[in-house]
Amino acid sequence: MSDSYRNKEGIYYTPYEIVTDFLKIQPTENDKFCDPCCGSGNFIIRAIELGFKPQNVYGFDTDPIAVELTKQRIYQLTGYKTNNIFNKDFLKEYQNYKFEYIYTNPPWGKKLPLKEKEKLAKQFNTNKDTISFFFCAILEITKQKFGLILP
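Here the structure is a predicted model, which is why all the values come from computation and not from measurement.

Chemist: Looking at this model, I keep getting lost on the overall build of the protein. Mind explaining?
Modeler: Assigned secondary structure in the protein consists of seven helices and five strands. Seen in sequence order, the protein has helices and strands lined up from the N terminus as α-α-β-α-β-α-β-α-β-α-α-β. Within the span of the protein, comprising 151 residues, buried residues form 50% of the whole. In the protein, the proportion of contacts linking residues at least 24 apart, taken out of those at least 6 apart, comes to 71%. Accessible surface computed for the protein: about 8200 Å², of which carbon and sulfur atoms make up 49%.

Chemist: Is there a simple way to think about the packing of helix 6 (residues 114-124) against helix 7 (residues 130-141) in this case?
Modeler: For any two helices packed against each other, one specifies the inter-axial angle together with the distance between the axes. Two elements in contact, helix 6 and helix 7, have axes whose closest approach is 10 Å; the angle formed by their N-to-C orientations is 40 degrees. When the axis of helix 6 is compared with that of helix 7, the two are oblique. Helix-helix and strand crossings are classified by hand; for helix 6 and helix 7 the assignment is left-handed. Listed contacts from helix 7 to K117, L120, A121 and F124 of helix 6 are F133, C136, A137 and E140. Looking at the contact of helix 6 with helix 7, its residues break down into six nonpolar, no polar and two charged.

Chemist: Is there a simple way to think about the packing of helix 3 (residues 42-49) against helix 4 (residues 64-78) in this case?
Modeler: Taken N-terminus to C-terminus, the directions of helix 3 and helix 4 make an angle of 20 degrees; their axes are 10 Å apart at the nearest point. Taken as axis vectors, helix 3 and helix 4 run roughly parallel relative to one another. Regarding helix 3 and helix 4, the two cross each other, and that crossing is right-handed. Only T70, R73, I74, L77 and T78 of helix 4 make contact with helix 3, whose side of the interface consists of N42, I44, I45, I48 and E49.

Chemist: Teacher, can you tell me more about helix 3 here?
Modeler: Of all eight residues in helix 3, seven are buried, a share of seventy percent or more. Residues of helix 3 that are buried: N42, F43, I44, I45, R46, A47 and I48. Check the buried side of helix 3 and you find it contacts helix 2 (16-22), strand 1 (33-35), strand 2 (57-60), helix 4, strand 3 (85-86) and strand 4 (99-104). With its phi angle positive at about 120 degrees, G51 sits one or two positions after the end of helix 3.

Chemist: Mind showing me how you'd approach unusual backbone geometry here?
Modeler: With the exception of glycine, the majority of residues adopt a negative phi angle, and the majority of peptide bonds are in the trans configuration. Phi angles above zero are rare outside glycine, and N125 is one such case at about 55 degrees. Residue position: N125 is located in the loop between helix 6 and helix 7.

Chemist: Please explain the nonpolar core as it appears in this structure.
Modeler: Within soluble globular proteins, side chains that are nonpolar generally end up buried alongside one another. Of all hydrophobic cores here, the largest spans 22 residues; its most connected members are F90, L91, F99, F124 and F133. Elements represented by at least two residues in this core include exactly strand 2, helix 5 (90-93), strand 4, helix 6 and helix 7. Broken down by element, this core gets its largest block of residues, six residues, from helix 7. When neighbours within four sequence positions are excluded, F90 is seen to be in contact with P36, F60, F134, A137, I138 and I141.

Chemist: Whenever I open this one, the pattern of salt bridges confuses me. Can you help?
Modeler: When charged atoms on two side chains of opposite charge get close, those side chains can pair. On inspection of all chains with the given rule, the structure shows five salt bridges. Put simply, E49 and R46 hold a salt bridge, and the shortest N to O gap is 3.6 Å. On the criterion of helical spacing, the pair formed by E49 and R46 is a turn pair, its members being three residues apart in helix 3. When its relative accessible area of 43% is taken as the criterion, E49 is described as partly exposed. Taking the shortest distance from any N to any O, the salt bridge between K143 and E100 comes out at 3.7 Å. Of the two residues, K143 sits in strand 5 (residues 142-148) while E100 sits in strand 4, which places them 43 residues apart along the sequence. Taking relative accessible area as the criterion, E100 reaches 11% and is therefore assigned buried.

The rules behind the values
Residues numbered from 1 in each chain as written. Predicted model: local features only at pLDDT ≥ 70, side-chain atom pairs only at ≥ 80, totals over all residues. Heavy atoms only, no water. Helix = DSSP H or I, 4+ residues; strand = E, 2+ residues; numbered from the N terminus. Buried < 20%, exposed > 50% of the residue type's maximum accessible area, 1.4 Å probe, protein only. Contact = heavy atoms within 4.5 Å. Areas by Shrake-Rupley, 256 points an atom, 1.4 Å probe, with all protein chains shown as cover. Axes fitted to C-alpha atoms, helices over the stretch in contact; angles between N-to-C directions. Parallel < 35°, antiparallel > 145°, perpendicular 65-115°, else oblique. Left-handed = near helix turned anticlockwise from the far one by under 90°. Nonpolar A, V, L, I, M, F, W, Y, C, P; charged D, E, K, R; others polar. Core = buried A, V, L, I, M, F, W, Y, C linked by side-chain atoms within 4.5 Å. Salt bridge = Lys/Arg side-chain N within 4 Å of Asp/Glu carboxyl O.

As structure tokens, this is what we get:
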């Protein structure tokens, strides 16, 4: 991806070394994990390594290539073909889900149309920063713990 596209979309991939330092949790058997901005799946892969069942791991991303890459990485690691990695905007889908754990690196400063930012700011009763939108949505649907990498 070009730097200008990544900047426009607020895409900053999290190095795996940072993910392993950041994500240190111990799931129980049926806990569900989500990365609402999964990109290439580093948080998802780490969650599986920590003991989350692949069928209990969910991810969302608006980049279809990143979604396919994440699905492929899960399959390579576990042999499981997942249907829980979605090429969808988490902010439009989050109310349909509940997760015990949500960890992510949300899109910092993603450029959204002003009307969409205003609508989301009103919905979440917050400022017009994309990180605020993700933070508020995650608070609504997390049952146990969450973590966000912030700028």
